[in-house]
Each structure stands twice: as C-alpha cells, then as structure tokens.
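# Architecture and fold: a report
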Amino acid sequence: MLKKKVLNKSFLTQINKIAHSKKVFAQLKNFNKDYSNFDIFIDDFENFLVEKIELPSKDLSSQDKIFEGIILRLDCLLEYKNLVIKIYLESQKNPKYFITINKYISRYFKNYLKSPLEFTTAYAIYVYAFNIWIEDTDSMDKTMAAIGNSFEGLNKIKTFLNYK
C-alpha cells in the first residue's frame, strides 16, 4: 500500500508558483490522489499552517491581541499568497471550501480570545484586512493601516454608544 504524501514546504512553494495556472489541480492530484477533492487539500493546508502560525502574547490588551493575531496569520499566509488567493477564489465558487476555511480561522481566534465580542471583532476585522492584504505588498503596510483604522472606527462607535 502506498503511503499518503504529507504536505510540506517544498511542495507548497512549488504549488504556490503555479497556483493561478490550469496545472494546479493536476499537480495537487499527482501529489496526493485525495486532493482531487479540493476540500481535503484545504483541510491539509490549514493543518500545515496551524503548526506555523504563532499566537499573540497573552500580556497584550484585547485590541493589541486582535491586531497582532491578524498580522501573525496573514504574515504566515504571505509565503503562499498565490495559493491562498486561489483557495479564496475557489471558495467564492464553492461555499463548502469557505466553510472549511472558516473553521480554521475561527479555531485560530478562539485559541487566544475568550469573549464572544473579542472573537466577533477579530473575525470581522480579519475579513476586511484579508481583502486589503490580497492587494498589498509583502510589507503589509496597507493591511496594518486598515486594521488600525478599523479599531479607530470601532472606538468611535464605542464612545458614541457610551455618551450620556
């Protein structure tokens, strides 16, 4: 019986280079026949990332934890940006893929955020920041600015709601 190949950095780097070509699905299937089901590949890719993505420091404020957590995840994704964008584009065609991705993003935030409000805030800002990140450079300056602006907007709303 053939041993199932495990995702590794070398293969993912190779796939990242061809992520937007028509060859990508054939290469995935050649590497692992189970990857003819793209959802299984996404699952394995996210599990690969889980080992690489750091968690923010516990000593940070809630807002700083959210900011740092989003940046740590996006920074880890940066190495495979073409592939991540391919997965994102495919998830727009097939909601099943989005549900798989959502499971891992949710799990990541729940690993270090305890309140539902923090989790919801982090998730909403992440979705917004991810869409900026797609177009951003490797420095992620626009992404970090977008996250900062999101917090400024939230803080203004909080101030307004607390105004007596």
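Definitions and limits used
- Residues numbered from 1 in each chain as written.
- Predicted model: local features only at pLDDT ≥ 70, side-chain atom pairs only at ≥ 80, totals over all residues.
- Heavy atoms only, no water.
- Helix = DSSP H or I, 4+ residues; strand = E, 2+ residues; numbered from the N terminus.
- Buried < 20%, exposed > 50% of the residue type's maximum accessible area, 1.4 Å probe, protein only.
- Contact = heavy atoms within 4.5 Å.
- Patch = residues over 30% accessible without salt bridge, like charges linked within 9 Å, V, L, I, M, F, W, Y side chains within 5 Å.
- Areas by Shrake-Rupley, 256 points an atom, 1.4 Å probe, with all protein chains shown as cover.
- Salt bridge = Lys/Arg side-chain N within 4 Å of Asp/Glu carboxyl O.
- Core = buried A, V, L, I, M, F, W, Y, C linked by side-chain atoms within 4.5 Å.
- Expected span 1.5 Å × (residues − 1).
- Arc of directions from axis to C-beta.

From N to C terminus, the protein chain includes 8 helices and 0 strands. Scanning the protein chain from its N terminus toward the C terminus, one meets helices and strands in the order α-α-α-α-α-α-α-α. Buried residues in the protein chain amount to 41% of all 164 residues. Considering only residue pairs separated by 6 or more positions, the protein chain has 68% of its internal contacts joining residues 24 or more positions apart.

Mapped onto the elements, T143 comes out in helix α8 (residues 141-162). With relative accessibility at 0%, the residue T143 sits in the buried group. If we ignore the near neighbours within four places in the chain, the residues touching T143 are L74, A129, I132, W133 and D136.

We note that M140 has phi near 60°; this positive angle belongs to a residue other than glycine. Counting through the fold element by element, M140 comes out in the loop between α7 (116-135) and α8.

The grouping of L154, I157 and L161 at the surface amounts to a nonpolar patch, some 280 Å² of accessible area in total. Mapping L154 onto the fold places it in helix α8.

This structure, assessed with the given rule, holds 6 salt bridges. In this structure, the salt-bridge partner of K9 is E79, at a minimum N-O distance of 3.1 Å. Of the two residues, K9 is situated in helix α1 (residues 9-17) and E79 in the loop between α4 (62-78) and α5 (81-93); the sequence distance between them amounts to 70 residues. With its nearest N and O atoms 3.4 Å apart, the salt bridge here joins D43 to K103. Pair noted here: D43 is in helix α3 (residues 38-50) and K103 is in helix α6 (residues 95-110), with a separation of 60 residues, a long-range link. What makes D43 partly exposed here is its relative accessible area of 23%. One continuous salt-bridge network, built from bridges that share partners, spans K86, E90 and K93.

The next thing to look at is the nonpolar core. Grouped together as the largest cluster of nonpolar side chains are 47 residues, with contacts concentrated most on F41, F45, I70, L74, L83, F109 and W133. Beyond its immediate sequence surroundings of up to four residues, F45 is in contact with L7, L12, Y80, L83, V84 and I87.

Now for α7. Spanning 20 residues, α7 covers 30 Å between terminal C-alpha atoms, matching the ideal 28 Å at 1.5 Å per step. Listing the buried residues of α7 in full gives E118, F119, T121, A122, Y123, I125, Y126, A129, F130, W133 and I134.

Here the focus is helix α2 (residues 24-31). Within an α-helix, residues lying three or four positions from one another point in the same direction, as the helix has 3.6 residues per turn. All buried positions along α2 are accounted for by V24, L28 and F31. Relative to the axis of α2, the buried residues are bounded by an arc of 65° and lie together on one face. Elements that come into contact with the buried residues of α2 comprise α1, α3 and α5.

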